[in-house]
Amino acid sequence: MGEHDVRTAHMVASVLLGYPDERLYGARPVLAEAVAGLPAGQVRDRLAAFLRHVEVTGQGELAAHYVATFDLKRRCCLYLTYYAYGDTRKRGGALLRFKHALRAAGFEPADGELPDHLAVVCELSGRGAVREARRLLREHRAGLELLRTALTAERSPYADVVAAVTATLPAAGPREREAALRLAAEGPPAEEVGLEPYAVMEASR
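Below is a short write-up of the structure. (Residues numbered from 1 in each chain as written. Predicted model: local features only at pLDDT ≥ 70, side-chain atom pairs only at ≥ 80, totals over all residues. Heavy atoms only, no water.)

### Points about the overall build of the chain
So, point 1. When helices and strands are counted, the chain shows 13 helices and zero strands.
So, point 2. Listing the helices and strands of the chain from first to last along the sequence gives α-α-α-α-α-α-α-α-α-α-α-α-α.
So, point 3. The burial tally for the chain puts 50% of its 205 residues in the buried class.
So, point 4. Considering only contacts in the chain between residues 6 or more positions apart, those separated by 24 or more positions represent 72%.
So, point 5. Of the roughly 10100 Å² of accessible surface on the chain, a fraction of 51% belongs to carbon and sulfur atoms. (Helix = DSSP H or I, 4+ residues; strand = E, 2+ residues; numbered from the N terminus. Buried < 20%, exposed > 50% of the residue type's maximum accessible area, 1.4 Å probe, protein only. Contact = heavy atoms within 4.5 Å. Areas by Shrake-Rupley, 256 points an atom, 1.4 Å probe, with all protein chains shown as cover.)

### Comments concerning the packing of helix α3 (residues 28-36) against helix α4 (residues 42-55)
So, point 1. For the pair α3 and α4, interaxial distance at closest approach is 9 Å and the crossing angle is 160 degrees. Between α3 and α4, the crossing angle belongs to the class labelled roughly antiparallel. α3 and α4 meet at a crossing whose hand is left-handed. Along the contact surface, α3 presents Arg-28, Leu-31, Ala-32, Val-35 and Ala-36, while α4 presents Arg-44, Leu-47, Ala-48, Leu-51, Val-54 and Glu-55.
So, point 2. Here the residues of the contact of α3 with α4 are counted per class, giving eight nonpolar, no polar and three charged. (Axes fitted to C-alpha atoms, helices over the stretch in contact; angles between N-to-C directions. Parallel < 35°, antiparallel > 145°, perpendicular 65-115°, else oblique. Left-handed = near helix turned anticlockwise from the far one by under 90°. Nonpolar A, V, L, I, M, F, W, Y, C, P; charged D, E, K, R; others polar.)

### Considerations on the layout of surface pockets
So, point 1. One number sums up the size of the largest pocket: a volume of about 690 Å³.
So, point 2. Lining the largest pocket are 28 residues, with Gly-18, Tyr-19, Glu-113, His-117 and Ala-119 sitting closest to its centre.
So, point 3. Elements that contribute at least two residues to the lining of the largest pocket include exactly α1 (3-16), α2 (22-26), α5 (59-71) and α8 (118-126).
So, point 4. Residues of the lining of the largest pocket, tallied by class, amount to 15 nonpolar, three polar and ten charged. (1 Å grid on protein atoms, 1.4 Å probe; cavity = no way out; pocket = protein on both sides within 12 Å on 5 of 7 lines; lining within 4 Å. Points joined across faces, edges and corners; volume = space filled by probe spheres on them.)

### Focus on the packing of aromatic side chains
So, point 1. The tally for this structure, following the rule as stated, stands at six aromatic pairs.
So, point 2. Here the aromatic rings of Tyr-66 and Tyr-158 are separated by 5.6 Å at their centres, their planes lie at 70 degrees, and the arrangement is edge-to-face. Within this pair, whereas Tyr-66 is found in helix α5, its partner Tyr-158 is found in helix α11 (residues 158-167), the two being separated by 92 residues in sequence.
So, point 3. When its relative accessible area of 7% is taken as the criterion, Tyr-66 is described as buried.
So, point 4. Of the residues examined, Tyr-158 reaches a relative accessible area of 0% and is grouped as buried. (Phe/Tyr/Trp six-rings, centres within 6.5 Å; stacked < 30°, edge-to-face > 60°.)

### A few points about the packing of α1 against helix α9 (residues 130-139)
So, point 1. Their axes nearest at 11 Å, the elements α1 and α9 cross at an angle of 60 degrees. Between α1 and α9 the crossing geometry is left-handed. Note on element contacts: α9 touches α1 through Val-130, Arg-134 and Leu-137, opposite Glu-3, Val-6, Arg-7 and His-10.
So, point 2. Here the contact of α1 with α9 is built from residues that sort into three nonpolar, one polar and three charged.

### Quick look at α9
So, point 1. Of the residues making up α9, those classed as buried are Val-130, Ala-133, Leu-136 and Leu-137. Down the axis of α9, the sector holding all buried residues measures 135 degrees, keeping them to one side.
So, point 2. Looking at the packing, one finds that the buried side of α9 touches α1, α6 (80-85), α7 (90-104), α8, α10 (141-153) and α11. (Arc of directions from axis to C-beta.)

### Focus on the pattern of salt bridges
So, point 1. Scanning the model with the defined rule gives ten salt bridges in all.
So, point 2. Of the charged contacts in the structure, one is a salt bridge between Arg-46 and Asp-160, with a shortest N-O distance of 2.9 Å. In this pair, Arg-46 is assigned in helix α4 and Asp-160 in helix α11, connecting sequence segments 114 residues apart.
So, point 3. For Arg-46, a relative accessible area of 28% gives the class partly exposed.
So, point 4. When the shortest N-O distance is used, the salt bridge between Glu-139 and Arg-97 registers 2.7 Å. Pair noted here: Glu-139 is in helix α9 and Arg-97 is in helix α7, with a separation of 42 residues, a long-range link.
So, point 5. Residues joined by salt bridges that share partners form a network here, namely Arg-97, Arg-135 and Glu-139. (Salt bridge = Lys/Arg side-chain N within 4 Å of Asp/Glu carboxyl O.)

As structure tokens, then:
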């Protein structure tokens, strides 16, 4: 896929991975047209599959599934740094890398969303910072693969969207596959300290 197609795919994915509100349902025709213009292959097929699901699923039903999946299941988390660092102190520094990448591109997430949310990273790419967004995605490829695997196991339609995003990246190497297997076996770290270090570091800047 060329850079323009990657930007399009990531921008569509950013909308689909957000909470399914009126914005998503109102944008279905535009999203479907954008997906139809992508080259034939897994990215287009997976995004189109999710849009077909949206077409036949009520907003309330999809919203309930979204909350039950992403808010209540530890292995189905849309925050990429969570997989590598859980709620440990090291996560604050990792979040700053995302924050700096967004700031360098002149992009500020809406509604105070954390910068490592997969929808935010996809939007960063869609706005033109493709190289920066793909770097962040590749750095957290193991977590992304675990998310895709977990969603597939849950038979969630969101597995199609995450699979489309991973299909825009180079194939996972041995280290990434090994890290994904380790995460699948052990899960994210579980030191419960919240994100205070991130807040403190941000306040000092």
